[in-house]
Amino acid sequence: MTDHTDVSPAKRFKDLHRDGCFIMPNAWNAGSAKILAGMGFEAIATTSAGLALTRGHGDQTADLPLDATLDNIAEISNAVSLPVSADFENGYADNPEGVAANIRQAAASGAVGASIEDHTGDEIRGLYDIVLAAERVAAAVEAASNLIHPFVVTARAECYLVGYENAFEESMKRLKAYADAGAHCVYSPGVRDRDEIRAFCSDAGAPVNVLVGMPGMNATLDEMRDLGVRRLSTGGSLMRATLAPLVQAARDMAEGRFPFPDDAVPEAEVLKLFAGKSA
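Residues numbered from 1 in each chain as written. Predicted model: local features only at pLDDT ≥ 70, side-chain atom pairs only at ≥ 80, totals over all residues. Heavy atoms only, no water.

(A) Geometry of the packing of aromatic side chains. Applying the stated rule across the entire model yields four aromatic pairs. Between the aromatic rings of Tyr-160 and Phe-200, the centroid separation amounts to 6.5 Å while the plane-to-plane angle is 85°, which identifies the pairing as edge-to-face. Pair noted here: Tyr-160 is in the loop between β6 (152-156) and α7 (167-180) and Phe-200 is in helix α8 (residues 194-203), with a separation of 40 residues, a long-range link. When the centroid spacing of 5.3 Å and the interplanar angle of 35° are considered together, the rings of Phe-168 and Phe-200 count as tilted. Of the two residues, Phe-168 is situated in helix α7 and Phe-200 in helix α8; the sequence distance between them amounts to 32 residues. Note on Phe-168: relative accessible area 22%, which makes it partly exposed. (Phe/Tyr/Trp six-rings, centres within 6.5 Å; stacked < 30°, edge-to-face > 60°. Helix = DSSP H or I, 4+ residues; strand = E, 2+ residues; numbered from the N terminus. Buried < 20%, exposed > 50% of the residue type's maximum accessible area, 1.4 Å probe, protein only.)

Take a look at the structure:
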């Protein structure tokens, strides 16, 4: 097991949020994490959607229990020396005390950051009331402040993803409330409009993460930096991207053809990336 008392990844992750813009791709297991680390990225996040797909089901909290998420955090953080931030659903609790307790578990599993969604996980209930949502963020931040190393709490407003009417206005209101509650980073996945992204970066009151792993987003690092974005993530899109050649190879095999080995990454290159613990 990795000694997670080493504060250097935690401090590096906190410092990355001070200025500039960095890419934090989402890995779903140790192998994908090692590949991303070997490509020179400075931090990695987990992905609940990616993990769910590897387990053969959808991205639902009920289908992805806390223990599975904690095991996945440990698997990835033990595989690389990079900071690892957890895609932590709704904190796996409705009440602030439960969120705080689970943040401590995420940190004990090796995470140096975590995102907390304001969606209840129930399609009928929808988003938490904004007051309760902010209290949940505040509880997560307080739990993080009592750890032995820095821990970045990212507060998510899920308005765009759930099709909320006036998603920009509601997201802005929520992101400001979460920043006031102490969130170290804020995030409204699904935003595409560049003016809205710029407004979040100018007015939300905390560093902003933007999801670039969406079809048609067509973002570049330079463009997002110029808008004021501090952090870019990919969500489950990298894992889904790996499924495209698998599906095509399966179609070819079903037709009795086997062209896919010629396009595969050479084994020697993969083994080089997997050798040791990627820093």
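(B) Quick look at the sheet that holds strand β8 (residues 208-211). Overall, parallel pairing links the nine strands, which are arranged β1-β9-β8-β7-β6-β5-β4-β3-β2 in an open sheet. Lying at the two open borders of the sheet, with one neighbouring strand each, are β1 (22-24) and β2 (26-27). Sheet contacts for helix α1 (residues 8-16): β1, β4 (84-87), β5 (113-117), β6 and β9 (231-233); angle to β1, the most-contacted strand, approximately 125°. (Pairing = 2+ DSSP bridges. Contact = heavy atoms within 4.5 Å. Axes fitted to C-alpha atoms, helices over the stretch in contact; angles between N-to-C directions.)

(C) Molecular detail of the side chain of Ser-48. One can find Ser-48 in helix α3 (residues 48-54). Separated by 3.3 Å, the side chains of Ser-48 and Glu-89 make a polar contact. (Polar contact = N/O pair within 3.5 Å; in protein donor to acceptor, adjacent residues only side chain to side chain.)

(D) Inspection of a nonpolar patch on the surface at higher detail. On the surface, Ile-35, Met-39 and Phe-274 cluster together into a nonpolar patch covering about 260 Å² of accessible area. Structurally, Ile-35 is set in helix α2 (residues 30-38). (Patch = residues over 30% accessible without salt bridge, like charges linked within 9 Å, V, L, I, M, F, W, Y side chains within 5 Å. Areas by Shrake-Rupley, 256 points an atom, 1.4 Å probe, with all protein chains shown as cover. Salt bridge = Lys/Arg side-chain N within 4 Å of Asp/Glu carboxyl O.)

(E) Summary view of the environment of Gly-113. Relative to the elements of secondary structure, Gly-113 occurs in strand β5. Residue class for Gly-113 comes out buried when judged on its relative accessible area of 0%. Along the chain, Gly-113 and Gly-40 lie 73 residues apart, while their C-alpha atoms are 19 Å from each other. Residues contacting Gly-113, with those up to four places away along its chain left out, are Phe-13, Val-84, Ser-85, Ala-86, Phe-151 and Val-152.

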